[in-house]
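Letter by letter, the chains look like this.
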Number of protein chains: 2
Amino acid sequence: MSDLLERLRGRGWRMTAQRRVVAEVLDGEHVHLTADEVLARATARLPEISRATVYNTLGELVSLGEVIEVATIGRAKRYDPNAHRPHQHLTCSGCGAIRDVHPVGDPVDELPATERFGFSVSGAEVTYWGRCPDCVRTSEPPAPH
Amino acid sequence: MSDLLERLRGRGWRMTAQRRVVAEVLDGEHVHLTADEVLARATARLPEISRATVYNTLGELVSLGEVIEVATIGRAKRYDPNAHRPHQHLTCSGCGAIRDVHPVGDPVDELPATERFGFSVSGAEVTYWGRCPDCVRTSEPPAPH
DNA sequence: GTATCTGCAAATTGTTTGCAGTCTA
DNA sequence: TAGACTGCAAACAATTTGCAGATAC
């Protein structure tokens, strides 16, 4: 179950109750929680955990390369533990749900040399957007917000 | 010169000195300013403009579809006036410079049906990252931050 | 003339930090 | 035991909002 926790132990990461709970809450596929959501779920398991510790721990997991930060427009950033398998994201503009997806090919190959402006290009992040089955069905107005 | 301003006038957008200056500051290609930068440049031309008005105006330009918001991790979002020609972004992880780029093909076509989870996919946003010529040359340490 | 816009200042939201006390390895 | 981690509260950064006065059309 807990791949993330396993990896962290293996790397000699100092383990405390708080850190374990944060790692447990984050573990899995298609997990993209905000710091606040992590705090809420962690608190449910360990009421004495503090917001600062959640932020500290998330920041450390990002530095370790075990968790990826996902930028969002106008909202709190999200934390994605699926750091060891390259993937992209598919976001529902209705409800904000996010899925991990795997496009065919490498997006970087789609960028011709004439469009690179002399940059040394090392990667690409793709965010697909659309409407999830639920939001399509209930045919909410297309405006996200 | 000022395509953006032209379009806004054409759409019957109420014109004030403040709004004109914001639109002028934003106009062009490869322009990706933060609200703060817009404020700074607008203030240079019109010292009495306020921060709130810059935010109000930017928000309105986004609602009108004349300007696009670009998300960044941990930093203030950027405003991109190049809303009428589909494009993607190439970011320098050294200095943060951003260029508008045009990959070949449509990124959406790269996402197989089996990876769509029943979503109705309507678009994709791609952020390429790498190092710009200057940052490659000065060979700064690869870490952004 | 009037609906809309503007500036000011205060409120919100998301995140970081300083520091004394606590705990893991 | 020592160095690392934690909680609290205060600081910060980015953005939004309420409201009285100003202004474009």
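Everything that follows concerns the structure shown earlier in this document.
On a predicted model such as this, the values are computed, not experimentally measured, just so you know.

J.: Even after reading the chapter, I still don't get the sheet that holds strand β3 (residues 78-80) of chain B, so can you show me in this structure?
T.: Pairing between sheet strands relies on hydrogen bonds along the backbone, with the strands arranged either parallel or antiparallel. Residue and element names in this part refer to chain B. The strand order β1-β3-β2 describes an open sheet built from three strands, whose pairing is antiparallel. Bordering the open sheet on either side are β1 (33-34) and β2 (68-70), each of which pairs with just one other strand. The pairing of β2 with β3 spans three bridges and is antiparallel. For Glu69, the partnering residue across the bridge sits in β3 and is Tyr79.

J.: Sorry if this is basic, but what is going on with the interface of chain A and chain B here?
T.: How big an interface is tends to be expressed through the accessible area that disappears when the partners come together. On the side of chain B, 42 residues touch chain A, which itself brings 42 residues to the contact. Summing both sides of the interface, chain A and chain B together bury roughly 3300 Å²; the carbon and sulfur share of this comes to 66%. Here chain A and chain B share zero salt bridges between them. Viewed at the interface, chain B and chain A are joined by 14 residue pairs in polar contact (both at pLDDT 80 or more).

J.: How should the sheet that holds strand β5 (residues 98-101) of chain B be read in this particular structure?
T.: Spatial strand order, β5(A)-β4(A)-β6(A)-β6(B)-β4(B)-β5(B): six strands in an open sheet with mixed pairing. Each edge of the open sheet is held by one strand with a lone partner, namely β5 (98-101) of chain A together with β5 of chain B. Direction aside, the axes of adjacent strands within the sheet are offset by 25° on average. With four bridges joining them, strand β4 (residues 88-92) of chain A and strand β6 (residues 120-131) of chain A adopt parallel strand pairing. Counted as the bridge partner of Leu90(A) is Tyr128(A) from β6(A).

J.: When you look at the environment of Val25(A) in this model, what are you seeing that I'm missing?
T.: All names here are of chain A. Relative to the helices and strands, Val25 resides in helix α2 (residues 17-26). You can call Val25 buried: its relative accessible area is 9%. Distance in space between the C-alpha atoms of Val25 and Gly123 is 28 Å, their sequence separation being 98 residues.

Each value, and the rule that gives it
Residues numbered from 1 in each chain as written. Chains lettered and ligands numbered in written order. Predicted model: local features only at pLDDT ≥ 70, side-chain atom pairs only at ≥ 80, totals over all residues. Heavy atoms only, no water. Pairing = 2+ DSSP bridges. Helix = DSSP H or I, 4+ residues; strand = E, 2+ residues; numbered from the N terminus. Contact = heavy atoms within 4.5 Å. Buried area = accessible area lost by both parts, 1.4 Å probe. Salt bridge = Lys/Arg side-chain N within 4 Å of Asp/Glu carboxyl O. Polar contact = N/O pair within 3.5 Å; in protein donor to acceptor, adjacent residues only side chain to side chain. Axes fitted to C-alpha atoms, helices over the stretch in contact; angles between N-to-C directions. Buried < 20%, exposed > 50% of the residue type's maximum accessible area, 1.4 Å probe, protein only.

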